[in-house]
Amino acid sequence: MPSGWLREEAESGVFYRSPDRTSLLQVFRVSEADLSPLGAVQGASADLRARTSGYEEIRVGQVPGSADAAELVYEYDSVESHGRRRGVERVSRTQDGAKWAVLTAGPAADWTVTLGHHSAALEAFRPGG
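Residues numbered from 1 in each chain as written. Predicted model: local features only at pLDDT ≥ 70, side-chain atom pairs only at ≥ 80, totals over all residues. Heavy atoms only, no water.

### Regarding the packing of aromatic side chains
Stated formally: In this scheme Phe, Tyr and Trp rings, the latter by its six-membered ring, pair at centre separations within 6.5 Å, and the angle between planes marks the pair as stacked below 30 degrees, edge-to-face above 60, and tilted otherwise. Strands are runs of DSSP state E lasting at least 2 residues, helices are runs of H or I lasting at least 4, and numbering of each runs from the N terminus. The cut-offs for exposure are 20% and 50% of the maximum accessible area for each residue type, with area from a 1.4 Å probe on protein chains only; residues under the lower value are buried, those over the upper are exposed, and the others partly exposed. Our definition puts a charge over a ring when NZ of Lys or CZ of Arg is within 6 Å of the ring centre and also within 35 degrees of the ring normal.
Considering all chains together, one arrives at 3 aromatic pairs under this definition. Plain terms: the ring middles of Tyr-55 and Tyr-74 are 5.9 Å apart, the flat faces sit at 35 degrees to each other, and that makes the pair tilted. Linking Tyr-55 in the loop between helix 1 (37-51) and strand 4 (56-62) with Tyr-74 in strand 5 (residues 69-78), this pair joins segments that are 19 residues apart in sequence. For Tyr-74, a relative accessible area of 3% corresponds to the buried category. On the basis of an interplanar angle of 55 degrees and a centroid distance of 5.6 Å, the ring pair of Trp-100 and Phe-125 is categorised as tilted. Taken together, the residues Trp-100 in strand 7 (residues 99-107) and Phe-125 in the segment after helix 2 (111-124) connect sequence positions 25 residues apart. Members of the aromatic cluster, joined through ring pairs, are Tyr-55, Tyr-74 and Tyr-76. Of note, Arg-86 hangs over the ring of Trp-111, and the distance from its end group to the ring centre comes to 5.1 Å.

### Focus on the nonpolar core
Inclusion rule: Residues enter a nonpolar core if they are buried and are Ala, Val, Leu, Ile, Met, Phe, Trp, Tyr or Cys, with the set joined through side-chain atoms within 4.5 Å. Note on definitions: a residue-residue contact is assigned when non-hydrogen atoms from the two residues lie within 4.5 Å.
In this structure, Val-30, Leu-72, Tyr-74 and Val-91 are the most contacted members of the largest nonpolar core, which totals 16 residues. Listing elements by their share of this core, those giving two or more residues are strand 3 (24-30), helix 1, strand 5 and strand 7. Residue contacts for Tyr-74: discarding those within four places in its chain leaves Leu-48, Tyr-55, Glu-56, Glu-57, Ile-58, Arg-85, Arg-86, Gly-87, Val-88 and Leu-103. Within the second largest apolar cluster, 9 residues are counted, among which are Val-14, Ala-98, Trp-100 and Val-102.

### Focus on the sheet that holds strand 3
In plain terms, the rule: Should DSSP find at least two bridges between two strands, the strands are regarded as paired. Here, axes are lines fitted to C-alpha atoms. For helices the fit covers the stretch in contact, and angles between N-to-C directions go from 0 to 180 degrees.
Taken in spatial order, the 7 strands make up an open sheet running 1-2-3-7-6-5-4, and their pairing is antiparallel. In this open sheet, the two strands that pair with only one neighbour each are strand 1 (6-10) and strand 4. Each strand of the sheet is rotated relative to its neighbour by a mean of 15 degrees, with strand direction disregarded. Examined bridge by bridge, strand 3 and strand 7 share 7 bridges and lie antiparallel to one another. Its bridge partner being in strand 7, Leu-25 is matched across the sheet by Thr-104. Sitting on the sheet, helix 1 is in contact with strand 3, strand 4, strand 5, strand 6 (83-93) and strand 7, with an inclination near 10 degrees to strand 5.

Shown next as C-alpha cells:
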C-alpha cells in the first residue's frame with residue numbers, strides 16, 4: 001500500500017484508505033457461490049446504480065485473456081473525493097474456486113494514480129494472506 005494509508009477491517013472486507021480519505025482499496029470475498037466473476041461485477045453495477053448518486057458505468061466485461069476474471073469501471077459523486085470518484089472492481093476466481101474482489105477508487109481526475117494502485121494491489125494479492 002502507499003505510504004501512510006490506513007488499514008480498516010469491516011464486515012464487507014478489508015479497506016485501505018489514503019490519509020485524506022479521497023482514495024481507497026477494498027479486498028473482499030464474493031460470497032455468492034453461483035455467480036461467475038462476470039455476474040458478480042454486473043450485479044455490483046446494478047447495485048451501485050440503484051443506490052449511488054451520479055453513478056455511471058464506464059465499462060464492464062471479462063478481463064482480456066482470462067475466463068476467470070471480470071472487471072467493472074465506474075464513476076460516481078463522492079463527498080470524500082470532493083467531486084467525481086472513479087473506481088475499478090476486479091473479481092477473480094482462484095484455483096480453489098473461491099471468488100475474490102479487489103476494488104480501487106479515487107478522484108476521477110487522478111485516474112492514472114488509481115490504476116497504479118489497482119495494478120500494485122492485484123500483483124500483491126494472495127488469498128488468505
